[in-house]
Structures are given as C-alpha cells and as structure tokens.
Amino acid sequence: MKSSVIKAFVAAATIAVAMPVMAQFNVGKAIGAGVKAAKAATLTDEQMAAYVKESVDWMDANNPVTPDDDPYTIRLKKLTDGLTEADGIPLNFKVYRVIDVNAFACPDGSVRVFSSLMDIMSDDELLGIIGHEIGHVAKRHSKKAFRTELLTGALKDGVSAAGGVAAKLSDSQLGQLSQGLVNSKFSQKQEKEADDYGYEFLKENGKNPWGMVQAFEKFQKMEDEAGAKPTYIDRMFSSHPETVARIKRMTERCQKDGIARQESK
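A brief structural summary.

Rules used throughout
- Residues numbered from 1 in each chain as written.
- Predicted model: local features only at pLDDT ≥ 70, side-chain atom pairs only at ≥ 80, totals over all residues.
- Heavy atoms only, no water.
- Helix = DSSP H or I, 4+ residues; strand = E, 2+ residues; numbered from the N terminus.
- Buried < 20%, exposed > 50% of the residue type's maximum accessible area, 1.4 Å probe, protein only.
- Contact = heavy atoms within 4.5 Å.
- Areas by Shrake-Rupley, 256 points an atom, 1.4 Å probe, with all protein chains shown as cover.
- Pairing = 2+ DSSP bridges.
- Axes fitted to C-alpha atoms, helices over the stretch in contact; angles between N-to-C directions.
- Phe/Tyr/Trp six-rings, centres within 6.5 Å; stacked < 30°, edge-to-face > 60°.

## With respect to the overall build of the chain
Alright, step 1. Helices and strands together make up the secondary structure of the chain, namely 11 helices and 7 strands.
Alright, step 2. When the 265 residues of the chain are sorted by exposure, 50% land in the buried category.
Alright, step 3. Partitioning the intrachain contacts of the chain with sequence separation of at least 6 by distance along the chain shows that 76% fall at a separation of at least 24.
Alright, step 4. Carbon and sulfur atoms make up 53% of the accessible area of the chain, which amounts to about 12400 Å² in all.

## So, the sheet that holds strand S5 (residues 110-114)
Strand-to-strand pairing in sheets goes through backbone hydrogen bonds, with the strands running parallel or antiparallel.
Alright, step 1. Taken in spatial order, the 3 strands make up an open sheet running S3-S5-S4, and their pairing is mixed. Only two strands of the sheet have a single partner each, and these edge strands are strand S3 (92-96) and strand S4 (103-105). Ignoring which end each strand starts from, the neighbouring axes of this sheet average 15 degrees apart.
Alright, step 2. Of the pairings in the sheet, the one linking S4 to S5 comprises 3 bridges and is antiparallel in character. Within S5, the residue paired with Ala103 across the bridge is Val113.

## Here we look at the packing of aromatic side chains
Between two aromatic rings, the relevant description is the distance of the centres plus the angle of the planes.
Alright, step 1. This model, assessed by the stated rule, comprises 3 aromatic pairs.
Alright, step 2. When the ring of Tyr197 is compared with that of Phe201, the centres are 6.2 Å apart and the planes differ by 20 degrees; the resulting orientation is stacked. One end of the pair, Tyr197, and the other, Phe201, are both in helix H8 (residues 188-204), 4 residues apart, so they sit about a helical turn from each other.
Alright, step 3. The partly exposed category is assigned to Tyr197, whose relative accessible area is 23%.

## As for unusual backbone geometry
Most peptide bonds adopt trans geometry, and most residues besides glycine take a negative phi value.
Alright, step 1. Positive phi, normally seen in glycine, also occurs at Asp87, with a value near 50 degrees.
Alright, step 2. If you trace the backbone, Asp87 turns up in the loop between strand S1 (85-86) and strand S2 (89-90).
Alright, step 3. One non-glycine residue with positive phi stands out, namely Arg140, at about 65 degrees.
Alright, step 4. Tracing the backbone shows Arg140 in the loop between helix H5 (123-138) and helix H6 (141-154).

Don't take any of this as a statement about function, it's just geometry.
Spelled out as structure tokens, the structure:
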C-alpha cells in the first residue's frame with residue numbers, strides 16, 4: 001500500500017505525534033513467487049525453524065527497531081508484560097518505526113508491531129490485535145503459511161542442505177519471505193480460530209478481550225469512512241459481512257462471560 005494512503009488513515013484518526021520521518025516496512029528486492037514446489041519431505045522442522053529465525057533476524061536488521069528507551073517500546077513492553085508464551089511457543093515483541101499500519105506474528109513467536117498501528121489504537125485495541133496474531137501462531141497457521149511460502153517461493157527449486165542444516169538464503173529470498181510473513185492471508189476458518197484463541201489468551205492473562213471487538217470496530221469505521229483499506233484491514237478481513245459477523249460473535253462471548261466493556265480513550 002502506498003504511503004500516501006496510510007498517511008491518510010493516520011490523519012483521519014487525528015493522530016499527531018512528534019517523530020522522525022518514517023520509512024515503509026522494508027522487504028528488500030523480493031523475487032517473484034514461483035509455482036513449482038519442492039517436495040515436502042525435503043523440509044524438516046529443524047530446517048523450518050532455521051529459516052524462520054533467519055527471516056526474523058533479517059527483518060529486524062533491515063527495519064528500524066525502536067530502542068529500549070523509546071516511548072513505543074516502553075508502551076509495548078508494559079502492555080505485553082507477562083505474555084511470555086502461547087501453547088509452548090515463547091513470545092518476543094518489537095516495534096518497527098514505519099508508516100505502514102500493520103502487525104504480524106511469526107511461527108517462532110516473534111510479534112512485530114508497527115508504530116503507525118500503535119498511533120491509532122488504544123491499549124486495549126492494540127492488545128486485541130496482538131492476541132489475534134498470537135492465535136495464528138498458537139494454532140500453527142503462521143507455520144503452515146511460512147512453509148508454503150518456502151516451498152512455492154524462495155525454495156521452489158528445492159532445499160539445498162548439508163547434514164540437515166538449512167541453506168543460507170539470499171537477501172532477495174529473505175525479502176520475499178518477509179513479504180509473505182507480513183501479508184499472509186488466512187481462511188475464514190483460521191481467522192475464527194485465531195479470534196477464539198486470542199480471546200481466551202487475553203482473558204487468561206488478565207487482559208480485556210473487548211479490545212479485540214473494539215479494534216475490529218475501529219477498522220470497520222475506517223474502512224467505511226475512507227472507502228479504502230490499509231494493509232492490516234485487507235489482510236484480516238476478506239469481506240465486510242464477515243467483519244460484522246466477527247464483531248457480533250466476539251461481542252456475544254464477552255457479554256456471556258460478563259466482561260465489562262471499557263471504552264477506548
């Protein structure tokens with residue numbers, strides 16, 4: 001999505017923060033995805049883990065990660081305090097200071113939140129989004145999507161490995177995988193599973209799951225008012241009716257559990 005569209009959404013939200021000029025999220029010179037898949041048997045879980053780590057390390061090195069004393073980092077650390085693992089997968093969180101409105105989670109539990117998304121979300125709304133993204137990790141949706149991207153894109157001509165060690169990827173291949181991680185699209189069934197896991201995850205960790213509903217509502221309002229979709233809306237919601245249904249379903253869960261809604265500030 002072009003930076004001008006993203007900036008329009010930020011402006012529409014009447015957010016004004018003092019910060020350096022930000023770049024777009026960097027995926028390098030991503031090569032085009034191929035259609036020839038390598039044999040699944042050639043990619044082990046150990047190789048998968050190595051490729052995930054290599055991809056996350058590349059993204060962290062090629063995008064502006066906010067330092068520990070940055071207000072964005074401080075806010076995210078405070079919000080995610082105590083969120084250490086999901087279904088046995090250790091979690092770690094970082095902020096990218098970029099203009100894109102987005103957030104994503106990787107198969108290894110690395111959660112990356114973009115500063116421009118933080119600008120337009122309340123604390124509860126941001127936690128709702130994070131809970132949903134963690135749901136994709138815990139349900140192994142992210143792992144399946146990453147594996148598909150490997151086998152049909154970066155490694156379409158086969159995995160080259162010696163002694164079970166994954167071959168090192170080029171910047172071009174890592175850029176493609178990064179793009180795949182950020183823009184992964186899931187089925188409606190997977191989105192429902194992520195919603196449900198995120199709801200329980202937030203509730204069990206003392207967070208208010210109403211934040212997920214409120215985040216959905218905010219995105220829907222932005223979509224209605226602007227007539228266009230920033231990256232995150234386009235990725236999360238396949239259709240407007242489904243967005244309405246998800247809001248209704250999660251609202252009913254909160255009400256059934258007797259959880260009080262706290263209005264966003």
